[in-house]
Every structure is written in structure tokens, then in C-alpha cells.
Amino acid sequence: MATLQIAGLSKRFGDFVAVDDFALAVAHGEFVSLLGPSGCGKSTILRMIAGLIEPDAGSIRLGEEEVAWQPPHRRNIGLVFQSYALFPHMSVFENVAFGLRRRRVAEATIAERVADALALVRLTGLERRLPRELSGGQQQRVALARAIAPRPALLLLDEPLSNLDAKLRDVMRLELRRLQQELRITTVFVTHDQEEALTMSDRICVLSHGVLQQVGTPREIYSHPATPFVAEFFGRSNAFDATVAALGPRPTVTLAGGPTLTAAQLPAGLAVGAPVRVTIRQESVALVEGAAGGADNRFAASLVLASFAGRDQQFVLRLPEGIELTAEARIGRGEAPLEPGLAVEVAIACEDVIVMPAAGAAGAA
Amino acid sequence: MRRWLDRSGFGLLSAPLLVLLCVFVAPLLVLLPTSFHPYQPGRGIGTAWTLTNYAQILGDGFYLEIIARTLGLGLIVVAATLLVGYPLAYFLARTRSRLRPWLIILVIFPLLLNLVVRSFGWIVLLSNHGLVNDLLIALQLIERPLKLMFNFTGLLVGLSHIFLPFMVLVLIGTIQNIPRDVEDAARTLGASRWTVLREVTLPLSLPGILSGSILVFVLTISALVTPRLLGGPTYQVMSTLIYDEFLKILNWPRGAAMAFILTAIVLLLVWASGRLARRWASVR
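Bear in mind that the values here come from a model prediction, so they are computed numbers and not experimental data.

Before going further, it helps to spend a moment on the interface of chain A and chain B. Contacts between chain A and chain B engage 24 residues on the former and 20 residues on the latter. Interface area, chain A with chain B, both sides summed: about 1900 Å², of which 65% is carbon and sulfur. The three residues of chain A that bury the most area against chain B are His-73, His-89 and Arg-102 of chain A, which together make up 30% of that side's buried surface. On inspection of chain A and its partner chain B, the count reaches 2 salt bridges. A salt bridge links Asp-181 of chain B to Arg-47 of chain A; its shortest N-O distance comes to 3.3 Å. When the residues that make up the side of chain A that touches chain B are grouped by side-chain class, the tally is 15 nonpolar, 4 polar and 5 charged.

Structure follows, in C-alpha cells:
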């Protein structure tokens, strides 16, 4: 039995379609991310689940109950805002107790549960502080404690980490996930940050322009993207227009103005000559020396640009046909830096050549 | 000295400060001794020093009633503008309507009309043969015209209307500064709209409610034109009384004493509200 079941959810703002026929089921204790660029409708969906925006059509079931037309205070949902939205005139204790007081919990129980919630987010001892006396990270934790203290059936997180600085964000990401697993609280997390979504989620739900692109585990979505949008959204990748050159057990595609590549598999229903979109992640492009290794796709290339990025090094390579590829590689210790102009050999495994029907033909596939 | 001026920002204030000192504080100080001189009918202002002017005002039931009436009027006008103004300001601060700028202009619009015209408008409505009475009589709800003017009711209605824009403008600013997310957070935590208003929005609007109230109170107790027109020559408040003492009776010393009593009340109030605001700020 899914805790949250959404079907046919739609919302327009004037002529702008914010969310179109969205469906999702979240199991008890699951952590699902809504991922997409800004304006893709993910926050609108979250606010509709919370009841802060009324949908135009659709159903939102929370457990057994249809809540799509219920006011937010009847839904038993906890929401953490990007801006934290703490009550500035109340102490940390009163902020966390707010939801409990609305549920008419006895005073002694309130004290106990506020203490529990604050202990969970490691803020014990700060009960009497006011929000403005706390750091951004602490405010974030208060917002989280406030949302979970009433033990909601569903926890919604609206980009809760994006106002934190990079280091703190990494810490909070892990803590949030630990907390979620400890409490086994069903969670829907909205983010535009693919790394956040990949590291934290049980499942990811990728959205673009209000339309659901793909739902799956982080691994599935990363390795087997269903649409060109998903493929290009994750990781840093090279994307090319191409046509199908050959079918069969070892199908090939020809890049526009470039070489022909062998792919591990093609999407079903494509004929020779069909337009496709080919995506190759930067980390799948390997620089090899000599004749070592037997990769499926090997080309001679010249190094156009090499840039140092800490742990990794980024290379821009030009193939003889004139196409440019970007590669990303770990630098070995003591390895001499590569200089532009160098002739190198490029290898791409056939599993890493991701082929999808071209965007326009996506519906036909 | 120069560095102090630079750092404190008083350098920037010096020009307006100078103007205020010359045209506001200086005349006030010139008037101060006048209030301590005796008035001799037919001879003018005496040179002796005395407290009679203040003693007369503060010991006379007639004057005390007018002071009480003025302060009471101030309080009730504040209450009325708050009651009408808060919902209006809340709506204007929160609406996403495209008409919003026009609605705000509509609120400000009365301020662009001459005060005498606005007050006269109320005379047309409230007088014995005014629109309101004629209508009520025509509907046979009353037999004789209600006394709506030259009394407390008339002043209350007129002044509340005239000072409502000030209250609304101050409140709009405050309510706009309350993030919507904070109200939304309260709603997701189980608060109904009414509870959100009581527990979140109203407490966070208190600074605006305080400054709006002070503004309207001070404007009300010092208003002259509207009380004169709607109160007539006999229904007095402090400001009309001061006006009469100075320009009709020519008893400058008593007028001055009266004016300083009014000023003292205003200063006391501004000081007290400042303390209150600071206390709130430190509690938060």
C-alpha cells in the first residue's frame, strides 16, 4: 500500500502549463526526489501535495484518504521550506511545538516530543534561542525538527539544502538521509541538484516542463535514461545528433559530420536512417596509449584543451572529422600533465554509447 | 568633531536639522515663556511670571472634559482605522491581482483632495438634511433626523475616514514584509487560516500596528480643520480651543499653555511607544 498516490495531477497558471498529468506512487518509508531544472513544475507539485496550491485536476491520496481538496491543516504533512520559514517571534522550542499545539497534544508530551525532535537534529540546548540568533545550518535543523515533531504521514522537502554553503550542504545531505532512514518517514524531496538526488534518493522522478520524464532508482536513471532530456541532465555529457547506420547484434550509429560508433543496444522500433540522439558521458571517454585495451570504439584525436579541476582533469578533444568531445579523467599521481596539441587515442566502450530516438520522434518510439 | 560627523551620519542630517530648528523648535521656544505670563483682558500679556494658565486649564472641568474628549476621540479613531484598515491592508499586501496598483492608488486618492473638501463632503452626508438623514426618513426608518454632526459621532466618522489611508499605508508595508512562506509553514503544521492570523500574522504585524496607531492618534488629536467643520463652533476639541484662544479671544498665554499640554501628551506617547517597540525587539 503506497503512502502517497498521485494521479492525473495538472495545474495551469494562465496559459502556462506548470504540471501536466503527473502521476507518482511513493511507498511507506521511501525517499523520492522530484528532480528537474527550475520552472519544471517540481515545486508546484510539492505545494499541491501540501495543499498550498489547489490543483486544476487530479487526485492525491494520502494513505486511504483523498486529500487533493482538503485545506493544508487537515493533511498531516510536514514541509521544510527552502527559506526555512521559521516563526521569527517564537523561540526554537515554540517553533518546534507549534504543530503539536495545533494538534492539542498535552503540555508534558509536547515538552518530551520537542526535546526528542531537537535531539534528532542535534540542537539540544538551544530551545530558548530565537531563530535570528542561529546560523543558517541551525535554522535549517529547526525547520526540520518543526516539520517532523508532529509525526506527519509524509515529509516534504522543498530544496532544503540550497541556501547552505557547499561544505555544510554535504554534511546536511548525509544527516537528512540518516534521519529519514532512522524514522522511516516517507519523504518527497524537491531539488534541481542531480548529485543531491542521486546520493539521497531511493527513487528519482525527473521532470521537464511539467511533464514526467522518467521514474527509477538513481542507478537506472543514470545508466538507462529514457529520454534525451534525462540523459543530458545527468552528469556532464557530450550529445550529438546522429542517424542509425546498421541494426543487428552490433548496431551502429553515424554522428552528424563525424565517425560511426558501435552501441550496445538501440531502442526498439528504429529503422536504418532514423534520426537519433547520442549521449556519451564525459567520464566514459577514455584516453588510451598505444594499442592497449580492446575497446569497441577507438579514434585518433588531438588534444585541444586540458584543464585542471582538482581531482579530475578535463580534456577537450578534436576528432579528425572535426567533432569535439569532452572527456573527464582522474589524474594519476606523478603523471605528467598533458599539453594541448598532443595526439592521443580515444576509446569509448559500446555500453557507454547511449542512443535514444531524437527528441521530435520520442513519442513514436 | 569632523570624524564624529562623518561616522555618525549627522553630517547628512545637518541641513534638515537646521531647517527644523529654525522653523519648528525656535518658534516653540519663543512661545514657551508666553505660557507663563498672565493675561490681562484689555491690556494684553503681562510681564509677571505665573503658573495660572496651566493651573486654570488643569483645574477646570470644562478644559479637562475637552482634553479627555480629545484623547478619547484619538483612541476611538485609532481603533476604528485599525479595525477597517487591517483587513484592507492585509488584502492589498497579499493580493496577486493585476488591479493591485490601482487599488492602492484608490486608498491614497483621498489624500490628494483638499481637506476642507473632504470634510465638507461629510457635512453634505451627515447634516440634519443631509443624504443619510433624508434617506433614513424617506425609508421611514426614523421620524426625525438623527444628530450626526456637531457631536462626537460626526468627528469620529470624519476623522476615521480622513486618517484611514495613513493607517493602511503603514500596515501594508509591515504585512508585505512578513514572508508568505512563514504563513504557509503555519498552515502545513495544522493551523487554520484564523489561527495563522492570530498566532503568526498579527504578532508579526505588531510593530506596524504600533506605528500606524501612533501616527493616527497624533494626527487626530492635533487635527483642526475637520473638527472645526464637523464639530461646529461649539463642539470643541483641544486644537479648535487653542485656535480660538489665539485668534478669537486673543488670550495667547492660555492658548500657549494649552498647546504645550498637547505637545507634552504627544511627546510622552512617542517616547512610550519607542520604549515599547524596543522591548518587543529585545523579546524577539
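Before going further, it helps to examine the pairing of strand β4 (residues 57–62) of chain A. All names here are of chain A. The sheet contact formed by strand β1 (residues 2–13) and β4 spans 5 bridges and is antiparallel. Bridge assignment links Leu-4 to a residue of β4, and that residue is Leu-62. Here β4 pairs with strand β5 (residues 65–66) via 2 bridges, running antiparallel. From the neighbouring strand, Arg-61 faces β5, where its bridge partner is Glu-66. What sits between the antiparallel neighbours β4 and β5 is a turn of 2 residues, in which Gly-63 has the positive phi angle 65 degrees.

The subject of this paragraph is the UniProt feature "domain: ABC transporter" (unreviewed entry) in chain A. The sites that carry the UniProt feature "domain: ABC transporter" (unreviewed entry) are, in the present numbering, residues 4–234 of chain A. Annotated as residues 4–234 of chain A, this span is 36% helix and 26% strand, and its ends, taken at the C-alpha atoms, are 26 Å apart.

All right, on to the domain arrangement of chain A then. All names here are of chain A. Taken domain by domain, chain A holds domain 1 (2–228) and domain 2 (236–357). For domain 1 and domain 2, the distance between their C-alpha centroids amounts to 39 Å. The partner domain 2 presents 6 residues to the 5 residues of domain 1 that form the contact. Around 510 Å² of area is buried between domain 1 and domain 2 when both sides are counted, 55% of it from carbon and sulfur atoms. Three residues stand out in domain 1 for area buried against domain 2, namely Tyr-222, Pro-225 and Pro-228, and they jointly supply 81% of the buried area on that side. Connecting domain 1 to domain 2 are 0 salt bridges. Viewed at the interface, domain 2 and domain 1 are joined by 2 residue pairs in polar contact (both at pLDDT 80 or more). Looking at the side of domain 1 that touches domain 2, its residues break down into 4 nonpolar, 1 polar and no charged.

All names here are of chain A. With antiparallel pairing, the 5 strands of this open sheet are ordered in space as β15-β19-β16-β17-β18. Edge positions in the sheet fall to β15 (286–288) and β18 (324–330), since each of these pairs with one other strand and no more. With direction set aside, neighbouring strand axes in the sheet form an average angle of 50 degrees. Bridge count for strand β16 (residues 297–309) against strand β19 (residues 343–348) is 6 bridges, and the pairing is antiparallel. Note that in β19 the partner of Arg-298 across the bridge is Ala-347.

Turning our eyes to something else, we now look at the UniProt feature "transmembrane region" (unreviewed entry) in chain B. Residues and elements named next belong to chain B. As annotated by UniProt and renumbered to match this structure, "transmembrane region" (unreviewed entry) occupies residues 12–32, 66–91, 103–128, 148–172, 202–225 and 255–274. Taken end to end, residues 103–128 is 85% helix and 0% strand, and its two terminal C-alpha atoms sit 33 Å from one another. For residues 202–225, helix accounts for 92% and strand for 0%, while the C-alpha atoms at its two ends are 34 Å apart.

Let's shift gears to a nonpolar patch on the surface. Judged by side-chain polarity, Val-19, Leu-20, Val-23 and Phe-24 of chain B come together as a nonpolar surface patch covering roughly 400 Å² of accessible area. Mapping Phe-24 of chain B onto the fold places it in helix α2 (residues 10–34).

Attention shifts here to the UniProt feature "domain: ABC transmembrane type-1" (unreviewed entry) in chain B. Mapped onto the present numbering, the UniProt feature "domain: ABC transmembrane type-1" (unreviewed entry) falls at residues 67–273 of chain B. Within the segment residues 67–273 of chain B, helix and strand shares are 79% and 0% respectively, and the terminal C-alpha atoms sit 20 Å apart.

What counts, and at which threshold
Residues numbered from 1 in each chain as written. Chains lettered and ligands numbered in written order. Predicted model: local features only at pLDDT ≥ 70, side-chain atom pairs only at ≥ 80, totals over all residues. Heavy atoms only, no water. Contact = heavy atoms within 4.5 Å. Buried area = accessible area lost by both parts, 1.4 Å probe. Salt bridge = Lys/Arg side-chain N within 4 Å of Asp/Glu carboxyl O. Nonpolar A, V, L, I, M, F, W, Y, C, P; charged D, E, K, R; others polar. Pairing = 2+ DSSP bridges. Helix = DSSP H or I, 4+ residues; strand = E, 2+ residues; numbered from the N terminus. UniProt positions renumbered as here; feature names shortened; annotations may be inferred. Domains from an automatic or database assignment. Polar contact = N/O pair within 3.5 Å; in protein donor to acceptor, adjacent residues only side chain to side chain. Axes fitted to C-alpha atoms, helices over the stretch in contact; angles between N-to-C directions. Patch = residues over 30% accessible without salt bridge, like charges linked within 9 Å, V, L, I, M, F, W, Y side chains within 5 Å. Areas by Shrake-Rupley, 256 points an atom, 1.4 Å probe, with all protein chains shown as cover.

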